[in-house]
Amino acid sequence: MQRQAQPAAAVAEGPLSEAELKTLHAYWQAANYLSVGQIYLLANPLLREPLQVKHIKPRLLGHWGTTPGLNFLYAHLNRVIKARDLDAIFICGPGHGGPAMVANAYLEGTYTETYPDVTPDLIGLQKLFRQFSFPGGIPSHDAPETPGSIHEGGELGYSLTHAYGAAFDNPSLKVFCVVGDGEAETGPLAASWHSNKFLNPQTDGAVLPILHLNGYKIANPTVLARIPEDELRQLLEGYGYAPYIIAGDDPMDMHQRMAALLDLVLDQIDEIQGKARKNGKPARPRWPLIVLRTPKGWTGPKEVDGLPVEGTWRAHQVPVDDMTKPEHLRILDRWLRSYHPEELFEASGALKPELRALPPKGQRRMSANPHANGGEVLQELRLPDFRNYAVKVEKPGTRFDEATKVLGAFLRDIIRQNPHNFRIMGPDETASNRLSAVYDVTSKTWLAETLPVDEHLAPNGRVMEILSEHLCQGWLEGYLLTGRHGLFNCYEAFIHIVDAMFNQHAKWLEVTNRLPWRRPIASFNYLLTSHVWRQDHNGFTHQDPGFIDLVMNKKAEVVRVYLAPDTNCLLSIADHCLRSRQYVNVIVAGKQRSLNYLSMDDAIVHCTRGIGIWDWASNDTGEPDVVMACAGDIPTLETLAATDLIRKHLPDLKVRVVNVVDLMKLQPNSEHPHGLSDAEFDALFTASRPVIFAYHGYPWLIHRLCYRRRNHQRHVRQRMMDERLRHRQYTRDHGEDEPDVRDWTWPY
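None of the values given here were measured: they were computed from a predicted structure.

### Notes on the pattern of salt bridges
When charged atoms on two side chains of opposite charge get close, those side chains can pair.
Now for step 1: One pass over the full model with this rule turns up 33 salt bridges.
Now for step 2: In this structure, the salt-bridge partner of Arg364 is Asp87, at a minimum N-O distance of 4.0 Å. Placement of Arg364 in the loop between α12 (353-356) and β8 (399-402) and of Asp87 in strand β1 (residues 87-92) is noted, with a sequence separation of 277 residues between them.
Now for step 3: For Asp169, the salt bridge identified is with Arg462, shortest N-O distance 2.5 Å. With a gap of 293 residues between them, Asp169 in the loop between α6 (159-167) and β2 (173-180) and Arg462 in the loop between β11 (457-458) and β12 (463-465) connect regions that are remote in the sequence. Residue Asp169 shares its accessibility class with Arg462, and that shared class is buried.
Now for step 4: Within this structure, Arg79, Arg84, Asp263, Asp267 and Asp270 form a network of salt bridges that share partners.

Structure (structure tokens):
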């Protein structure tokens, strides 16, 4: 029988001996000291001489308010990891928790192992302090540079969805996720609480959310800190959790109560998982959740310039600044010395042996856990031969297929061969996007109530659907960052909902490319379908191809965009993307019935090149009179139809058809590794002939990619207004395209 939520008083008596309590408190003090030192100190790291202005950084940057609470939790989690031999990682949700996470990685020894110049002595301490929020140093967040991090937290709202993504298919992993009370006000975080309906206690790991209420954001109180405790408890119970609330500001009392509470909730987690794994019947449990209420800026200055600081919004960033004021320097000196660094560190600057013995060892350290460096545990995806799913093309442009429906069969067999490390995410659109073949071998993950009318719902499904693009994105990010593979399928127009999340993941990849110790992870793969050009029943709301523009703004080393002209090209592109590492791959392909142009052998060659002349659609034998270029399935269809009209009505005009699969090919090779040299570009588009370019998205992107090419000024637009208006009127009269448009095939 699962224990019910109890008030904090029920667990007030603690399990720590006097010696354990003293050591744990000293370790917390050391982490707090290192955190304050990072924000303030340029020199004199252990205050071996009187503190002077010259020892202080000229610009004080950092955030103290959330840090002592994070350090408190980290110390306590280390205790239970060591006592229970847990495999665990730490997700730091509060936005500027960098000082705490760097401090703890340093105390555990991982930081020095990763960066040998940051030694465990006075010289290393000075480097540790100096680099924080300093030119040429490290960020103030739990950034990729920080060992143990999979979540930077600079943009709030995604900690819990990342935590659950990390736990999926990781049955031994415990994910301790601290949610800041400012972050808890964001939409993505509010939806993330529902992730517990998708966590299978039999086959997944566990997530322990810890909602840290310190009461304030930058300059305002937080909502969850100001509602009555009963209302807060009811809210969290309504989400399906068993909340335990612990509040206080007396360190010794809080240590004992937190130690007891962690033992209680971890026993609950063991009970939940043990029961599900023993009887093989995973039902949705009521997972425990901790609410920790401590003062903002706990243990920091109580008052500065006659104004309260600790426990207020004034503790959010730098509690005391302007060290030219003697009183401010005295406050900082008293604050730093209140942690008694002389009792924590040896004369050499190394942490004292009894404190070094406190954290776990080796990969049991949260800062050294291989799951937080996902490439270390990444297994190759077993892929069937995509050529076996090829559609037959005897003559280009004469046979129709639904490209994503064929892709669905390929994905079905990927799931069959990779039952534990591949997932498909989507906001209720997997079937709509014609990928239903996957349901031949799997279901959709679901641990909430099911009804007889439901289809394809099961606790162990490999497809994850929830009507939140934020959760789909975050789950997959967490899944990939901990060493697995996946695909996010979505309507093209609505992928914009995760624009900012894409930005952050692309930045993460860009930074990790510069960190040799960060092992490459599987690429983030988007399949964007139900696209702008085929929204007959949805209309204008579902038309927006602009996500491509956003992606193309990122560094060339981390992004790729592929526009599949037909089914066999889509299969070739998907295979390539699923094998790749350290990219964000965007695949754009329609789901509706469309023409096929290339045999599988030709598709492989074309996709490998990324761009090419379609000789079978061209009638130039040397220099063409006009180049008809296209990128995207519908633009390709329209370009070929326009070429047909030209050849019928202007038979002497020499036409060259160029199809673009890899959009990066249009860039100069000096800007992107896939780009064409000027000579290669001119060989395709000529140096002087007009180019008519039908492109899937907004036309100015093509201008941006090509504007430095010699022939750019000769690009022209297709103007066939009379014919266009006639066809448009037909659709108004009959409700569909004219037969010669709807059923057009390549006639040559």
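What follows continues from the structure just given.
### Regarding the packing of helix α1 (residues 18-40) against helix α9 (residues 251-279)
Now for step 1: At their nearest, the axes of α1 and α9 sit 11 Å apart, and the two run at 110 degrees to each other. On the basis of their axis angle, the class for α1 and α9 is roughly perpendicular. Contacts between α1 and α9 involve Leu21, Leu24, His25 and Trp28 on the former and, on the latter, Pro251, Met252, His255 and Gln256.
Now for step 2: When the residues that make up the contact of α1 with α9 are grouped by side-chain class, the tally is five nonpolar, three polar and no charged.

### Remarks on a negative patch on the surface
Now for step 1: On the surface, Glu303, Asp305, Asp321 and Asp322 cluster together into a negatively charged patch.
Now for step 2: For Asp305, a relative accessible area of 52% corresponds to the exposed category.

### Details of the domain arrangement of the chain
The figure often quoted for interface size is the accessible area lost as the parts come together.
Now for step 1: Taken domain by domain, the chain holds domain 1 (22-360), domain 2 (386-606), domain 3 (611-710) and domain 4 (717-741).
Now for step 2: Taken over C-alpha atoms, the centre of domain 3 sits 24 Å from the centre of domain 4.

### Here's the deal with the side chain of Gln667
Now for step 1: Inspection of the secondary structure assignment puts Gln667 in the loop between β20 (655-660) and α20 (678-685).
Now for step 2: Exposure remark for Gln667: the relative accessible area of 13% places this residue in the buried category.
Now for step 3: Not counting residues within four places of it along the chain, the set of residues in contact with Gln667 comprises Met552, His672, Gly675, Leu676, Leu705 and Arg709.

### Quick notes on the sheet that holds strand β5 (residues 288-293)
Now for step 1: Taken together, five strands build an open sheet; the order of strands is β1-β2-β3-β5-β4 and the sheet is parallel. On the outer flanks of this sheet lie β1 and β4 (242-247), each paired with one strand and no other. Strand-to-strand twist in this sheet, taken as the mean axis angle between neighbours without regard to direction, amounts to 20 degrees.
Now for step 2: Inspection of the sheet shows β4 paired to β5 by six bridges, in the parallel sense. The partner of Pro243 across the bridge, within β5, is Leu289.
Now for step 3: Sheet strands touched by α6: β1, β2 and β3 (206-213). Its angle to β2, the strand with the most contacts, is close to 175 degrees.
Now for step 4: Across the sheet, helix α8 (residues 229-238) touches β3, β4 and β5, and the angle it forms with β4 is around 145 degrees.

Rules used in this analysis
Residues numbered from 1 in each chain as written. Predicted model: local features only at pLDDT ≥ 70, side-chain atom pairs only at ≥ 80, totals over all residues. Heavy atoms only, no water. Salt bridge = Lys/Arg side-chain N within 4 Å of Asp/Glu carboxyl O. Helix = DSSP H or I, 4+ residues; strand = E, 2+ residues; numbered from the N terminus. Buried < 20%, exposed > 50% of the residue type's maximum accessible area, 1.4 Å probe, protein only. Axes fitted to C-alpha atoms, helices over the stretch in contact; angles between N-to-C directions. Parallel < 35°, antiparallel > 145°, perpendicular 65-115°, else oblique. Contact = heavy atoms within 4.5 Å. Nonpolar A, V, L, I, M, F, W, Y, C, P; charged D, E, K, R; others polar. Patch = residues over 30% accessible without salt bridge, like charges linked within 9 Å, V, L, I, M, F, W, Y side chains within 5 Å. Areas by Shrake-Rupley, 256 points an atom, 1.4 Å probe, with all protein chains shown as cover. Lys, Arg positive; Asp, Glu negative; His and termini not counted. Charge placed at Lys NZ, Arg CZ, Asp CG, Glu CD. Domains from an automatic or database assignment. Pairing = 2+ DSSP bridges.

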